[in-house]
Amino acid sequence: NSERVSAVVARVLERGARPIILGGDDSTTWMAIRGFRAQAPVTVVQFDAHIDFRDEVGGIREGYSSPMRRASEAPWVERILHVGGRGLGSARAIDQADTLAAGNAVITAREVRAKGARSVLDLLAPGSRVYIAFDVDGIDPSEAPGTSAPLPGGLSFPDAQDIFMGLAAQHEIVGMNVAEHFPGLDVNGITSLLITRLIASWIGVEMNRP
């Protein structure tokens, strides 16, 4: 099933479309990114409370704790920007050291609140081809409660929207996936609405390009 997901993403790309993958835990992120094998180079911008850079957990190397580690090893992935990290348990010290040693960057939620979207956008080379890996718990649970690992101090909707729109205006968003959305934990559908609004913000910028 994992390989089928990657194959479908690759077929979507071959037809000139840009995939938007909705649902599942963070293990689906690597399945989607693997479909970009023929699309080098790709920069991954990850929205998440955690950096997901474990090599393995219980012998599983492609589970929900490891998608960014696997992506960092992929020759078609140029770099990863981890956006929104915070809190105890967001990474072990060795995982943080490993991702930084690989040339990736960690931009905490606190940094985004202090410096705005530029804290992320200024780290990208002009005209980058960007894949967005969006974990709902990157957003503060007051605005996106429908997730299994809510942590206070997350990104706000305006924070995320500014980054999405900046990426769409200044770079090429080649695809995205949304993971860790639990509708049964949502309140009045606000998390679903937030996800939809972010995707619409990207599409709106694309449609209004000169």
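Placed above this text is the structure.
In this report, the structure presented in the accompanying data block is examined. Predicted model, so just to flag it, every value in this text is computed and none were measured.

## Regarding unusual backbone geometry
- The peptide bond linking Ala 40 to Pro 41 adopts the cis configuration, its omega dihedral lying at -5 degrees.
- The backbone of Asp 52 sits at a positive phi, close to 55 degrees, despite the residue not being glycine.
- For Asp 52, a relative accessible area of 9% gives the class buried.
- Non-glycine residue Asn 188 carries a positive phi angle of around 55 degrees.
- With respect to the element layout, Asn 188 can be found in the loop between strand 6 (172-179) and helix 8 (190-207).
- By relative accessible area, Asn 188 is classed as exposed at 81%.

## Quick notes on the packing of helix 1 (residues 2-14) against helix 2 (residues 27-34)
- One can describe the packing of helix 1 onto helix 2 by two numbers: an axis separation of 7 Å at closest approach and a directional angle of 45 degrees. Between helix 1 and helix 2, the angle is such that the two are oblique. As for the relative orientation of helix 1 and helix 2, their crossing is right-handed in sense. Two secondary-structure elements touch here, helix 1 through Ser 2, Glu 3, Val 5, Ser 6 and Val 9 and helix 2 through Met 31, Ala 32 and Arg 34.
- Looking at the contact of helix 1 with helix 2, its residues break down into four nonpolar, two polar and two charged.

## Observations concerning helix 8
- Helix length check: helix 8, at 18 residues, gives a terminal C-alpha distance of 25 Å against a target of 26 Å (1.5 Å per residue), a fit within 8%.
- Residues of helix 8 that are buried include every one of Thr 191, Leu 194, Ile 195, Leu 198, Ile 199, Ser 201, Trp 202, Val 205 and Glu 206, and no others. The buried residues of helix 8 all sit within an arc of 140 degrees when viewed along its axis, so they share a single face. Opposite the buried face of helix 8, at more than 90 degrees from it, the exposed residues are Leu 193 and Met 207.
- Where helix 8 is buried, its residues meet strand 1 (20-22), strand 5 (129-135), helix 7 (157-170) and strand 6.

## Let's talk about the pattern of salt bridges
- Enumeration over the complete set of coordinates arrives at 12 salt bridges.
- Across the pair Arg 70 and Glu 73 runs a salt bridge, and its minimum N-O distance is 2.9 Å. With Arg 70 and Glu 73 both in helix 3 (residues 67-73) and three residues apart, this pair spans about one turn of that helix.
- A relative accessible area of 5% means that Arg 70 is categorised as buried.
- Under the relative-accessibility criterion, Glu 73 is labelled partly exposed at 46%.

## Some points on the pairing of strand 5
- With respect to burial, strand 5 is a largely interior element, six of its seven residues being buried.
- Pairing analysis gives five bridges linking strand 2 (residues 42-47) to strand 5, with the strands arranged parallel. Its bridge partner being in strand 5, Phe 47 is matched across the sheet by Phe 134.
- In the sheet, strand 5 pairs with strand 6 via seven bridges, with the strands oriented parallel. Bridge assignment links Asp 135 to a residue of strand 6, and that residue is Ala 179.
- Taken together, strand 5, helix 7 and strand 6 form a β-α-β motif whose crossover is right-handed.

Criteria and thresholds
Within every chain, residues take consecutive numbers counted from 1 along the sequence as written. Reporting in this predicted model follows two pLDDT cut-offs: at least 70 for local features of residues, and 80 or more for side-chain atom pairs to be given and counted; totals over whole chains, interfaces and linings ignore these cut-offs and use all residues. No hydrogens and no water enter the side-chain calculation; it runs on all heavy atoms of the structure. For each residue, the accessible area found with a 1.4 Å probe, counting protein chains only, is set against the maximum for its type, and the residue is called buried under 20%, exposed over 50%, and partly exposed in between. Going along the chain from the N terminus, every DSSP run of H or I of four or more residues is numbered as a helix, and every run of E of two or more is numbered as a strand. Fitted lines through C-alpha atoms serve as axes, helices being fitted only where they are in contact, and the angles separating the N-to-C directions of these axes extend from 0 to 180 degrees. An angle counts as roughly parallel when it lies under 35 degrees, as roughly antiparallel when it exceeds 145, as roughly perpendicular when it falls between 65 and 115, and as oblique in every other case. The hand of a helix crossing depends on one turn: near helix anticlockwise from the far one by less than a right angle means left-handed, and clockwise means right-handed. When checking whether two residues touch, look at their non-hydrogen atoms; a contact exists if any pair is within 4.5 Å. Under the convention adopted here, Pro, Cys and the residues Ala, Val, Leu, Ile, Met, Phe, Trp and Tyr are nonpolar, Asp, Glu, Lys and Arg are charged, and Gly plus all remaining residues are polar. To estimate the expected span of a helix, subtract one from its residue number and multiply by 1.5 Å. The arc under discussion is defined with respect to the helix axis, by the directions toward the C-beta atoms. For this analysis, a salt bridge means a side-chain nitrogen from Lys or Arg found within 4 Å of a carboxyl oxygen belonging to Asp or Glu. When DSSP finds at least two bridges between two strands, those strands are taken to pair. Handedness of a crossover is defined as follows: with both strands directed away from the viewer, a clockwise route from the first strand across the helix to the second makes it right-handed.

Geometry only, nothing functional implied.
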